[in-house]
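Breakdown of the fold
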Amino acid sequence: MAKTYIYDTKKFSLWYGSKQALKDIDLKIAANEVTAIIGPSGCGKSTYIKTLNRMVDLIPSVRTEGEIIYDGRDIFDKTIRVEELRTRVGMVFQKPNPFPKSIFENVVYGPRIHGVRNRSELEDIAERSLRAAALWDEVKDRLKDNAYSLSGGQQQRLCIARVLAVEPEVVLMDEPTSALDPLSTLKIEDLVQELKEKYTIVIVTHNMQQASRISDMTAFFLLGELIEFDNTEKIFRQPADKRTEDYITGRFG
Amino acid sequence: MVTRRTFEKELADLHEMIVRMGVEVENSITDAITALIEQDNELANKIIERDDVIDDLEITIEEMCLDMIARQQPVARDLRDVTSALKLITDLERIADHASDISSKILMFEGKKRVMIHYDLITLAGVAKEMVRGALDAYVIRSAEMAEKFIVMDDRVDELYDKVKNELIHLMSVDPGNIEQYVEMLFVCKYFERIADHAQNVAEWVVFFVQGKHQLS
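Worth saying up front: this structure is predicted, and the values here are computed from it rather than measured. (Residues numbered from 1 in each chain as written. Chains lettered and ligands numbered in written order. Predicted model: local features only at pLDDT ≥ 70, side-chain atom pairs only at ≥ 80, totals over all residues. Heavy atoms only, no water.)

Looking at the overall build of chain B
For chain B, the count of helices and strands is seven helices and zero strands. Helices (α) and strands (β) of chain B occur, in sequence order from the N terminus, as α-α-α-α-α-α-α. Across its three principal axes, chain B shows a C-alpha extent of roughly 70 × 35 × 20 Å. Expressed as a percentage of the 217 residues in chain B, the buried residues total 51%. For chain B, long-range pairs separated by at least 24 residues make up 84% of all intrachain contacts whose partners lie at least 6 apart in sequence. (Helix = DSSP H or I, 4+ residues; strand = E, 2+ residues; numbered from the N terminus. Buried < 20%, exposed > 50% of the residue type's maximum accessible area, 1.4 Å probe, protein only. Contact = heavy atoms within 4.5 Å.)

Encoded structure:
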């Protein structure tokens, strides 16, 4: 079956001031797949994922070349509305960052901003999103509690629910489990497998086993370059590039 | 390579243990050939005893591999290293079993009229032994090219087996009084032929380890 690609990165380079962080990246991200991005610190993987919804715009002195096609248009095109892009491409961060509000208000924050006022509609969205984030059963009786009363793993799933509430197409995850205990990590990993049915997931992870467990495709970045991009089985069984092999087997760190 | 010093040490230990097991297995084949030619019952008994040593080595190596998988979660080349070791020791253990089976047959010849050992059977046993040694050497130096040379030798073993078998069938018809010895001799021949098959497998695991794919036969 031919894949549908949601992102097509073409000859994309990025500089922070005079320092080049991404070099000539060519990378296609397929819809309804989990794409993992691995590589040592400073390899550009976080920069790349933050570029996909233009979070890098927030950093001054960023300059780019090449293009990233999303839905038929370059995301850096003047006609792109960044807010709309970030609605369609949600992001989950390393540390759970719930708002200091109730669980319910956290989830419906996005829909509220987008003008949903009807209480029962908001309740439906909250339930649907919390269910999709595999959190509903744990919080359904305490939706009015402050989000900070949840455990770290629950907070992270709440953040995922918050992203899902605005019905994105893509969910970007920047090391979403690095601050979580192993059990919470496995819950998020299971969740990722469920989410890919409906969404496209791009995940940056330092945990190589995690990449091998949950992703369909794996990209290996090194010093701003995309070294290898292939099926995850191929990358972890027989990578084509020696640098990939050295990294995943821990021969350099 | 500071980051994986423990793992490197474990891999080196694993390779060393496989070589140790390989040496024991090679000795068993060499001794089996000698014991067969010289009807040396003492040597045959030694081979049977050595089989326990080889079984123990297999279990030890298997545990080393399982520990490494559980604790180091090897990937890529390392994963092939550990999995090919796991598979290869099964073949080595089977080779030792067959050397032991041959020894049992040698002990059965005792007290019966000696029948001629066909020249091609000795040749076949020699080729099988050479294949085991060659496959292990290829393992030590990690050479797929060398392993492949020994993989193709199995065809020669199969040819020799057919020749010996036909000769033994002929002898059974012309010398029916000693048919039991000929039947046992056919078993001996079959065991050597199986040893060559397992040596071929060992060589194929070497190719798998180096190239990451199975040799297409």
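Having seen the model, we can carry on.
Some points on unusual backbone geometry
We note that Ala134 of chain A has phi near 55°; this positive angle belongs to a residue other than glycine. Within the secondary structure, Ala134 of chain A sits in the loop between α4 (119-132) and α5 (136-139). The exposure class of Ala134 of chain A is partly exposed, given its relative accessible area of 37%. Even without being a glycine, Ala76 of chain B presents a positive backbone phi close to 50°. Residue position: Ala76 of chain B is located in helix α3 (residues 76-109). Here Ala76 of chain B falls in the buried class, since its relative accessible area comes to 0%.

A few points about the packing of helix α6 (residues 152-164) of chain A against helix α7 (residues 182-195) of chain A
All names here are of chain A. Close contact between α6 and α7 brings their axes to 9 Å; oriented N to C, the two are set at 20°. With respect to α7, the element α6 is oriented roughly parallel. Relative to α7, α6 is oriented so that their crossing is right-handed. Contact with α6, carried on its side by Gly153, Gln156, Arg157, Ile160 and Leu164, involves Ser184, Lys187, Ile188, Leu191 and Leu195 of α7 and no other residues of that element. For the contact of α6 with α7, a count of residues per class yields five nonpolar, three polar and two charged. (Axes fitted to C-alpha atoms, helices over the stretch in contact; angles between N-to-C directions. Parallel < 35°, antiparallel > 145°, perpendicular 65-115°, else oblique. Left-handed = near helix turned anticlockwise from the far one by under 90°. Nonpolar A, V, L, I, M, F, W, Y, C, P; charged D, E, K, R; others polar.)

Side note on the environment of Ile227 of chain A
All names here are of chain A. Inspection of the secondary structure puts Ile227 in strand β10 (residues 225-231). Taking the C-alpha atoms as reference, Ile227 lies 42 Å from Asp137; in sequence the two are 90 residues apart. The residues touching Ile227, leaving out its near neighbours within four places in the chain, are Phe220, Phe221, Leu222, Asp241, Arg243 and Thr244.

So, the confidence of the model for chain A
On average, chain A scores 94 in pLDDT, and the residues at 70 or more come to 100%. The lowest-confidence element of chain A is α7 of chain A, averaging 92 in pLDDT; the highest-confidence one is strand β3 (residues 34-38) of chain A, averaging 98. (pLDDT = per-residue confidence, 0-100.)

Remarks on the interface of chain A and chain B
Contacts between chain A and chain B engage ten residues on the former and eleven residues on the latter. Buried surface at the junction of chain A and chain B, summed over both partners, amounts to about 1000 Å²; 46% is from carbon and sulfur atoms. Considering only the side of chain A, the residues that lose the most area to chain B are Arg237, Gln238 and Arg251 of chain A, jointly responsible for 46% of the buried surface there. Run the count over chain A and chain B and you get two salt bridges. Our count for the contact surface shared by chain A and chain B stands at six residue pairs in polar contact (both at pLDDT 80 or more). The set of elements that each furnish at least two residues to the side of chain A that touches chain B consists of α9 (232-237) and α10 (242-248) of chain A. (Buried area = accessible area lost by both parts, 1.4 Å probe. Salt bridge = Lys/Arg side-chain N within 4 Å of Asp/Glu carboxyl O. Polar contact = N/O pair within 3.5 Å; in protein donor to acceptor, adjacent residues only side chain to side chain.)

Observations regarding the packing of aromatic side chains
Summed over all chains, the structure comprises seven aromatic pairs over all chains. Look at Phe220 of chain A and Tyr247 of chain A: their rings are 5.1 Å apart centre to centre, the planes differ by 25°, and that puts the pair in the stacked class. A residue pair is termed long-range when its members are at least 10 positions apart, and Phe220 of chain A in strand β9 (residues 217-222) and Tyr247 of chain A in helix α10 qualify at 27 residues. Taking relative accessible area as the criterion, Tyr247 of chain A reaches 8% and is therefore assigned buried. With a centroid separation of 6.3 Å and 25° between ring planes, the pair formed by Phe187 of chain B and Tyr191 of chain B is classed as stacked. Highlighted residues: Phe187 of chain B and Tyr191 of chain B, both in helix α7 (residues 179-211), separated by four residues, approximately one helical turn. Accessibility expressed as a relative area gives 17% for Tyr191 of chain B, which makes it buried. (Phe/Tyr/Trp six-rings, centres within 6.5 Å; stacked < 30°, edge-to-face > 60°.)

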